[in-house]
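Chain and residue survey
Residue strings, one per chain:
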Amino acid sequence: MARWRSALIAGCAIVLYSCFFLMFLINFNWQELESKDIAGIFFFLMLMILVNLFPIEIKGTTIVFTNAVSIAAFLQYGFWIEAILTQLAILVTLLRIKAKQWERYVANMTMFLIISVCSAGIFYLLGGRTGPFTVDTFPALIVPAIAYLVSAIFINHLLFKLVKYLLYNQKPEFFGRSLWWEIVPLTVMTPTGLLIYVLYAEIGVWVFLYVVFPLVSFSVILRLYHRLNIVNEKFRIIHDLGNDMTSQLQFDHVADRLVQAAAKLVPYQYCYLFRVDHEQGVLRPVRLLGQGIPSDEYEGFMRVQVEIGDGLSGQVASLGQTKVIGREEEDLHFRHEPHCLHQQQSILSVPLKYDQKVYGVLTVCHNEPNRYTKEDVTLMEILASQAAIAFKNAYDYQQTKQLSERDELTGLYNYRYFVSYLSAQLEQASRERSLALILLDIDHFKQVNDQYGHLAGNEILKRVAAVIKEAVDGKGIAARYGGEEFTILIENVTEAEAYRWAEQLRARIEQTEIKVVPHLNEENQTEPVLLNVTVSIGLALYPQHADDPFSLMRRADRAMYLGAKRMGRNKVAVYREEVEQRGSNTRESGL
């Protein structure tokens, strides 16, 4: 919390409590209290504390039935006693819900002191008088007592929203659901508070036996009812998420929906997700969410690779078991995890496991110690199991899609995918956007196959494909065109740039030594030999040379055969229109 907010809370509390205790010392007379009054005050304090042991959390608002007891204490002993008892009861409530920040204690207790002052003022303005119950004066107390409770509820709600707006910049929603959750118990508080007041005058502290059970029981039942609604809502979120994720076959969509659902199930400061790469045996980061994450830290984390079994996420993936950290522990969870995790004390990490196989690891963390309960663990494990099925489906789809799009030998795209991609690119391209199509053929490849065998030829194809793939590296895409031919599409380049790039690729392939094992020589030699191969390259550009896919490919092919192959091989040639017209009278193209 910002320092100015803490200073504002502390300043308001000091002023208000100073005025309160000063007026208390001036106006309150302890000598007027009798021994039975002291016993009664202690009884009301115990009853208020007991009620406050069962708070109800609704939409971030803590609701207790303190007012049902405080109105009786107020009517019996007046403002000063009620205010002090309420302060003590609220302190117990804050301890019960394990509030961590001192600002929350001070802000809440100060707020209830203001409520006590304002509601008592309204009661007295309406002609209400406090003191022991009498039949004659009781009817005149009913309206001021109801006004006391109503004003206490609305002032509490108003102050709560005001604090959220001023200190936390949260837009207030005054007439929201939380307001109605405070108004509804008013129907119970009013008659219960008046009944306690009346019965106390008749039977004294024995009224405790008559009211404590129904009042506490009602608090417990309402709390359980609200808790059941919350659990049902969270299970509905998991159900809807499961249906949505399992119907999708894209990792990105599944990952987005998973972290969105996690935010609705458990509180966290940061959340991150790893996907298990079973082929490489590593975890790869997929998502990292949280406030105030520097861009360099985010980018650095998204580049990491975690060995399975190493660090927190690696161990969760290796063992397939959830890990919960309730407070600062060993440095295990720091290794390979985001830097923001260093300031967190509560960590919950769950495996995305299906059929004994882990497909990912989801981790949430909070800066409060022991923040995650057994219920949170159960909900996150159910969510993770749903996500694991979706991850498996996405993984299987990706594998199938890759097999249908990739050449099995070289790992490059196949001809069918390349043509489809090229068509799509040309449809989306404008006349101002240049595309370079490069067609590459390995020189004298048939002779290599005849001399060393097809296995050696395959090794040459794989090595040339690896060089092409490394050279492309995000500049475009490469595919195996067929046999010993490859095709490359480079985006947003000029003719000079495309030629220079193709020439560098040609030289790199020529300089690459390829180790092959010959199988067809007469001496049955099996020792590996080093070979160097050359390539002939044809180049055509959109829109200079063609404006449709097949024309562009045909002209790159013509440039390769007429401008590179027929001119001696191991060359780069750019399509020229006169080459197309003269056929065999081609000339070497260049810059």
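It should be noted that the structure appears before, not after, this text.
Starting afresh in each chain, residues are numbered from 1 along the sequence in its written order. Local features are withheld for residues below a pLDDT of 70 in this predicted model, meaning they are given only at 70 or higher, and side-chain atom pairs are given and counted only at 80 or more; totals for whole chains, interfaces and linings count all residues. Values reported for side chains reflect all heavy atoms of the structure, with hydrogen atoms and water molecules removed beforehand.

**Considering the overall build of the protein chain**
- Numbering of helices and strands starts at the N terminus; helices are DSSP runs of H or I of at least 4 residues and strands are runs of E of at least 2. Each helix and strand in the protein chain was counted, giving 19 helices and 15 strands.
- Each residue is assigned to one of three classes by its accessible area relative to the maximum for its type, calculated with a 1.4 Å probe on protein chains only: buried under 20%, partly exposed between the two thresholds, exposed over 50%. Looking at the protein chain as a whole, 49% of its 591 residues qualify as buried.
- The contact definition used throughout considers only heavy atoms, calling two residues in contact when any of these lie within 4.5 Å. At a minimum sequence separation of 6, the contacts of the protein chain that also span at least 24 residues come to 68%.
- Split by element, the accessible area of the protein chain, about 29,800 Å² in all, is 55% carbon and sulfur. A 1.4 Å probe and the Shrake-Rupley method give the accessible areas. Residues count as covered only by the protein chains that appear here.

**Some thoughts on empty space enclosed by the protein**
- A cavity here means a set of points on a 1 Å grid, drawn over the protein atoms and nothing else, where a 1.4 Å probe fits but cannot get out; a pocket is an open set with protein on both sides within 12 Å along at least five of seven lines, and a residue lines either one if it has an atom within 4 Å of a point. Grid points are joined across faces, edges and corners, and a volume is the space filled by probe spheres set on the points. The final tally for this structure, using the stated rule, is 2 cavities of 30 Å³ or more.
- Along its surface, the largest cavity is lined by Thr 66, Asn 67, Ser 70, Glu 82, Thr 86, Phe 112, Ile 115, Ser 116, Ser 119, Tyr 148 and Ala 152.
- Residue assignment for the lining of the largest cavity shows that the elements contributing at least two residues are helix H3 (66–77), helix H4 (79–96), helix H5 (102–125) and helix H6 (138–168).
- Among the elements that line the lining of the largest cavity, the one with the most residues is H5, at 4 residues.

**Concerning the pairing of strand E14 (residues 535–542)**
- Among the 8 residues in E14, 8 count as buried, and that is most of the element.
- Both faces of E14 are covered, namely the face carrying Val 535, Ile 537, Leu 539 and Leu 541 and the face carrying Ser 536, Gly 538, Ala 540 and Tyr 542.
- For two strands to pair, DSSP has to find at least two bridges joining them. Bridge count between strand E9 (residues 435–442) and E14: 8 bridges; the pairing is antiparallel. Note on E14: the bridge partner recorded for Leu 437 is Ala 540.
- Bridge analysis of E14 against strand E15 (residues 572–574) gives 3 bridges, and the strand direction is parallel. Bridging across to E15, Gly 538 finds its partner in Ala 573.

**Quick word on the side chain of Arg 506**
- On the secondary structure map, Arg 506 appears in helix H17 (residues 495–511).
- Taking relative accessible area as the criterion, Arg 506 reaches 10% and is therefore assigned buried.
- Among residues more than four places away in sequence, those in contact with Arg 506 are Val 535, Ile 537, Asn 570, Lys 571 and Val 572.

**Considering the packing of H3 against H4**
- The interhelical angle for the contact between H3 and H4, taken along N-to-C directions, is 155 degrees, at an axis separation of 7 Å. Regarding the angle of H3 to H4, the classification is roughly antiparallel. Helix-helix and strand crossings are classified by hand; for H3 and H4 the assignment is right-handed. The segment H3 lies against H4, with Thr 66, Ser 70, Ala 73, Phe 74 and Tyr 77 engaging Phe 79, Ile 81, Glu 82, Leu 85, Thr 86 and Ala 89.
- Across the contact of H3 with H4, the residue classes break down as 7 nonpolar, 3 polar and 1 charged. Every axis in this analysis is a line fitted to C-alpha atoms, fitted for helices over the stretch in contact. Angles between the N-to-C directions lie between 0 and 180 degrees. Oblique is the label for any angle not under 35 degrees, not over 145, and not in the 65 to 115 range, which are roughly parallel, roughly antiparallel and roughly perpendicular in turn. In this scheme the handedness of a crossing depends on how the near helix is turned from the far one: anticlockwise by less than a right angle means left-handed, clockwise means right-handed. The nonpolar class holds Ala, Val, Leu, Ile, Met, Phe, Trp, Tyr, Cys and Pro. Asp, Glu, Lys and Arg form the charged class, and all remaining residues, Gly among them, are polar.

**Focus on the sheet that holds strand E7 (residues 346–354)**
- The antiparallel open sheet is built from 6 strands, whose spatial order is E5-E4-E3-E8-E7-E6. Two strands lie at the open edges of the sheet, namely strand E5 (306–307) and strand E6 (323–325), each paired on one side alone.
- Sheet topology note: the E6/E7 ladder contains 3 bridges and is antiparallel. In the strand pairing of E7, Val 324 is matched with Leu 348.
- Each of strand E3 (270–277), strand E4 (282–290), E7 and strand E8 (357–366) is contacted by helix H10 (residues 251–265), which is oriented at about 50 degrees to E4, the strand it contacts most.

**Focus on the sheet that holds strand E10 (residues 476–482)**
- Strand order in the open sheet formed by 5 strands is E10-E11-E9-E14-E15, and the pairing between neighbours is mixed. Strands at the two margins of the open sheet, each flanked by one partner only, are E10 and E15. Here the strands of the sheet are splayed against their neighbours by 20 degrees on average, with no regard to which way each runs.
- Contacting E9, strand E11 (485–491), E14 and E15, H17 crosses the sheet at an angle of about 160 degrees to E14.
- Sitting on the sheet, helix H18 (residues 549–565) is in contact with E9, E10, E11, E14 and E15, with an inclination near 140 degrees to E14.

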